[in-house]
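This is what each chain is made of:
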Amino acid sequence: MNLKDKLTAFYTILIKEVLRFSRIWLQTILPPVITTSLYFVIFGGLIGPRIGEMQGFDYMDFIVPGLIMMAIITNAYANVVSSFYLSKFSRSIEEMLVSPVPNYIILLGYIGGGVARGLTVGIAVTLVSLFFSDLQIHNFWVVISVAILTAMLFSLAGFINGVFAQSFDDISIIPTFVLTPLTYLGGIFYSVTLLSPFWQKVSLINPILYMINAFRYGVLGISDISLWISYAIILTFIAVLFTFSLVMLNKGTGIRS
Amino acid sequence: MTTALSIRNLHKTYKGGFVALKGIDLDVSDGDFFALLGPNGAGKSTMIGIITSLVNKTSGKVQIFDKDMDEDLLGAKRYLGLVPQEFNFSMFEPVEEIIINQAGYYGIPRKEARMRTEKYLKLLDLWGKRRSEARILSGGMKRRMMIARAMVHEPRMLILDEPTAGVDIEVRRSMWQFLQEINDRGTTIILTTHYLEEAENLCRNIAIIDQGEIIKNTTVKELLTTLHIETFVLDLVTPINSLPEITGLALHQRDAHTLELTIDKSVTLNQVFEKLSAANIEISSLRNKSGRLEELFIQMVGKNNLAKMNQA
């Protein structure tokens, strides 16, 4: 396959993934927008004014970047894990496996689908947030780059979950018991400076903390963590998860007997 | 003659220890219509899985045209189209999207993919269903859609794993015609089937696989010449109520109008007609009973199993 063929194959997988989540938008796009709107109403609108300011910003303004990032993380992950598992379950993954499309293009295609859904929901949540907050962007390029890189990272995580999943239960265990707690403890609703020094150090183990803080820096210009450390952590995770995913795909784990 | 498929000493042992293939050697020529027969669990699907890279081999060599699968897997895959035994597409995708996407995986640009999709959906009489979700198609339509999907990149070799399983006679005949046409245009076809009549009608060469080994690899014609007996269906001018005893002829009455006659190849039809005339049985027409290959197949697989049992 030459470069043009590979680009066509990548584009095909990307379009297929975008059409898939667009067809079922009532399950994929609308629910996270409604859920996040409730967060805005309850935590921002009702409880927020009683909390006061957080690091010099209204509580509503403080939580907006975290909630956008949460929507991106969960949707990028959910898109790839469900799409890949369903393609294994229906055996439609064989359509790609018998073709000459290289494994890294398959992987990039699924990542593209996850990023597309993560950003679609992220943009929808951002638009909703404008009803509750005067969103000012501190650094547009940081916002865009962190959103895309984070969506890529969690698309890869979803892919690995999909590779190992043997049943429908397996695709909900990690999001429920790992992803959601890490996201909530990643500083969406609070600054880690509010924690005791011990729990501040424990929080640093949580990779989502770096992503939320980097994104918050892009939107508000404040962060508990150095921006460059955040970038380094995100890029390292992407490199490790991409390599691992590709090795699994090359070995045929979960898809070839 | 160019070799389309060359398999050498192919072994497959699954994780649980089950040995599916025990050193298969096989050659299929370019342009051939090749039948791969064998009972359930013989190793046909495992072999096809390895050729199409859906199953990892334990050892051995597979070459597709000029590409060794170990050295240029992606190049080898380019030559192949697969119609698998089981449905393996997303049931919720529209038919045309499934075909267009498959073309895209082979690097065919979307505009060209749309044109080819139209061509093959029309050829397989599915154009009217192009916007339907795949799940609402009938079993026969799903099978034809998988053929369109396998043909959209116009492969040099098409592998069909029991493509007509569960489809009605009319659809089966139209699929046979389509396959015959693409074979005539130069596509090498490898077919596994349980309908031995299908192999007898379509294929030139044949391999019989049993318990992970090729037990026969020859031409269909040659295989049929090894059959010493032949069965004919005779249509009668005048119906008969009971079959008279005729010495030297193995006759079986199907109904009042039809007889089945099984004779050794050393007996001539003149001798047969003489005896029938003497018994006042008049024949209006005569035809070969299909399924001669079926008789051979049962003989061969049966013998192989018996030999294995004796060795054990």
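These numbers come from a predicted model, not from an experiment. Within each chain, residues carry numbers counting from 1 in the order of the written sequence. To read the labels, note that chains go from A and ligands from 1, taken in the order they are written. Reporting in this predicted model follows two pLDDT cut-offs: at least 70 for local features of residues, and 80 or more for side-chain atom pairs to be given and counted; totals over whole chains, interfaces and linings ignore these cut-offs and use all residues.

Caption draft 1: Looking closely at the overall build of chain B. The secondary structure listing takes helices from DSSP runs of H or I that are at least 4 residues long and strands from runs of E that are at least 2 residues long, numbered from the N terminus. Per the secondary structure count, chain B includes 10 helices and 14 strands. In terms of overall dimensions, chain B has C-alpha extents of about 70 × 50 × 40 Å along its principal axes.

Caption draft 2: Expanded view of the overall build of chain A. Along chain A, the regular secondary structure elements total 11 helices and 2 strands. Listing the helices and strands of chain A from first to last along the sequence gives α-α-α-β-β-α-α-α-α-α-α-α-α. Over its C-alpha atoms chain A spans a radius of gyration of 19 Å, differing by no more than 12% from the 18 Å that the globule rule assigns to 257 residues. Counting only C-alpha atoms and orienting by the principal axes, one finds that chain A spans roughly 60 × 35 × 35 Å. Counting all 257 residues of chain A, 49% fall into the buried class. Nonlocal contacts in chain A, meaning residues at least 24 apart in sequence, comprise 82% of its contacts between residues at least 6 apart. Here the globule rule is a power law, 2.2 Å times the number of residues to the power 0.38, and the radius of gyration is based on C-alpha atoms. Each residue is classed by its C-beta neighbour count within 10 Å, where at least 20 other C-beta atoms makes it buried, 12 or fewer makes it exposed, and intermediate counts make it partly exposed; the C-beta atoms are placed from backbone geometry. Any residue pair is listed as a contact if its two C-beta atoms, each placed from the backbone, are within 7 Å.

Caption draft 3: Spotlight on the packing of helix H3 (residues 95-105) of chain B against helix H4 (residues 110-123) of chain B. Residue and element names in this part refer to chain B. Note on geometry: axes are lines fitted to C-alpha atoms, helical ones only across the stretch in contact, with angles between N-to-C directions running from 0 to 180 degrees. Two numbers describe how H3 lies on H4: the axes approach to 9 Å, and their chain directions differ by 130 degrees. Taken together, the axes of H3 and H4 lie oblique to each other. At the point where H3 passes H4, the crossing takes the right-handed sense. Touching Glu96, Ile99, Ile100, Ala103 and Gly104 of H3 are Arg110, Ala113, Arg114, Arg116, Thr117, Tyr120 and Leu121, all from H4. Reported orientations rely on four angle classes, namely roughly parallel under 35 degrees, roughly antiparallel over 145, roughly perpendicular from 65 to 115, and oblique for the rest. Throughout, a crossing is termed right-handed when the near helix is turned clockwise from the far one, and left-handed when it is turned anticlockwise from it by less than a right angle.

Caption draft 4: The interface of chain B and chain A, seen in detail. The interface is formed by 25 residues belonging to chain B together with 22 residues belonging to chain A. If you list the elements that add at least two residues to the side of chain B that touches chain A, you get helix H2 (73-78), strand S6 (80-83) and H3 of chain B. Looking at the side of chain B that touches chain A, the element that brings in the most residues is H3(B), giving 4 residues. Across the side of chain B that touches chain A, the residue classes break down as 13 nonpolar, 9 polar and 3 charged. Charged means Asp, Glu, Lys or Arg here, nonpolar means Ala, Val, Leu, Ile, Met, Phe, Trp, Tyr, Cys or Pro, and polar covers whatever is left, Gly included.

Caption draft 5: Spotlight on unusual backbone geometry. All names here are of chain B. The backbone phi angle of Phe65 is positive, close to 50 degrees, even though this residue is not glycine. Structurally, Phe65 is set in the loop between strand S4 (59-64) and strand S5 (67-68). Using a count of 18 C-beta atoms within 10 Å as the deciding quantity, one classes Phe65 as partly exposed.

Caption draft 6: Geometry of the environment of A:Thr28. Residue and element names in this part refer to chain A. Here Thr28 shows up in helix H2 (residues 25-28). A count of 19 C-beta atoms within 10 Å places Thr28 in the partly exposed class. Along the chain, Thr28 and Asn79 lie 51 residues apart, while their C-alpha atoms are 8.2 Å from each other. Beyond its immediate stretch of four places on either side in the chain, Thr28 contacts Phe21 and Arg117.

Caption draft 7: Spotlight on the packing of helix H3 (residues 30-51) of chain A against helix H6 (residues 103-129) of chain A. Residues and elements named next belong to chain A. Contact pair H3 / H6: the axes reach a minimum separation of 10 Å and the direction vectors enclose 35 degrees. Between H3 and H6 the crossing geometry is right-handed. Contacts from Pro32, Val33, Thr36, Ser37 and Phe40 of H3 reach H6 at Val121, Ala124, Val125, Val128 and Ser129. Among the residues forming the contact of H3 with H6, the class breakdown is 7 nonpolar, 3 polar and no charged.

Caption draft 8: Structural view of the pairing of strand S14 (residues 283-288) of chain B. Residue and element names in this part refer to chain B. Burial of S14 is sparse: only 0 of the 6 residues sit out of reach of the surface. Strand pairing is assigned whenever DSSP identifies at least 2 bridges connecting the two strands. As paired strands, strand S11 (residues 229-236) and S14 are joined by 5 bridges and run antiparallel to one another. By the bridge assignment, Asp235 is partnered in S14 with Ser285.

Caption draft 9: Geometry of the pairing of strand S8 (residues 188-192) of chain B. Residues and elements named next belong to chain B. Extensive coverage of S8 is indicated by the burial of 5 of its 5 residues. Summarising the sheet, strand S3 (residues 33-37) and S8 pair through 4 bridges and their orientation is parallel. Counted as the bridge partner of Ala35 is Leu191 from S8. Pairing of strand S7 (residues 157-161) with S8, which is carried by 5 bridges, proceeds in the parallel orientation. In the sheet register, Met157 faces S8, and the bridge partner there is Thr188. What joins S7 to S8 is helix H6 (residues 169-184), and the crossover it makes is right-handed. If the strands point away from the viewer and the path from the first strand over the helix to the second runs clockwise, then the crossover is right-handed.

Caption draft 10: Structural detail: the sheet that holds strand S2 (residues 19-29) of chain B. All names here are of chain B. Spatially, 4 strands are ordered S2-S1-S4-S5 in an open sheet, and the strand pairing comes out antiparallel. Both edges of this open sheet fall to S2 and S5, since each of them pairs with a single strand only. As paired elements, strand S1 (residues 3-13) and S2 share 8 bridges and run antiparallel to each other. Considered in S2, the bridge of Thr3 is made with Ser29.

Caption draft 11: Broad picture of helix H4 (residues 59-89) of chain A. Residue and element names in this part refer to chain A. Its 31 residues give H4 an end-to-end C-alpha distance of 44 Å, which sits within 8% of 45 Å, the value for a rise of 1.5 Å per residue. The element H4 is extensively covered by neighbouring structure, given that 28 of its 31 residues are classed as buried. Phi for Arg91, located one or two positions after H4, is positive at around 65 degrees. In a helix, the anticipated span is given by 1.5 Å times the number of residues less one.

Caption draft 12: Quick peek at the confidence of the model for chain B. Residues and elements named next belong to chain B. As a per-residue measure, pLDDT tells how confident the predictor is, with possible values from 0 to 100. Per-residue confidence for chain B gives a mean pLDDT of 87, with 92% of residues at or over 70. Per-residue pLDDT, averaged within each element of chain B, yields its smallest value for helix H10 (residues 292-311) (62) and its largest for H3 (96). Here the prediction assigns the complex a pTM of 0.84, and the interface score ipTM is 0.87.

Caption draft 13: Up close: the sheet that holds S14(B). All names here are of chain B. Strand order in the open sheet formed by 4 strands is S12-S13-S11-S14, and the pairing between neighbours is antiparallel. Among the strands making up the open sheet, the edge pair consists of strand S12 (250-255) and S14. The average angle at which neighbouring strand axes cross in this sheet is 25 degrees, direction not considered.

Caption draft 14: View of the environment of B:Tyr105. Positionally, B:Tyr105 belongs in helix H3. Exposure remark for B:Tyr105: the 28 C-beta atoms within 10 Å place this residue in the buried category. Setting aside its immediate chain neighbours within four residues, B:Tyr105 contacts A:Ala9, A:Thr12, A:Glu95, A:Met96, A:Ser99 and A:Val101.

Caption draft 15: Local environment of the environment of B:Asp25. Mapped onto the secondary structure, B:Asp25 falls in strand S2. Apart from residues no more than four positions distant in its own chain, B:Asp25 is found in contact with B:Ile7, B:Arg8, B:Asn9 and B:Ile214.

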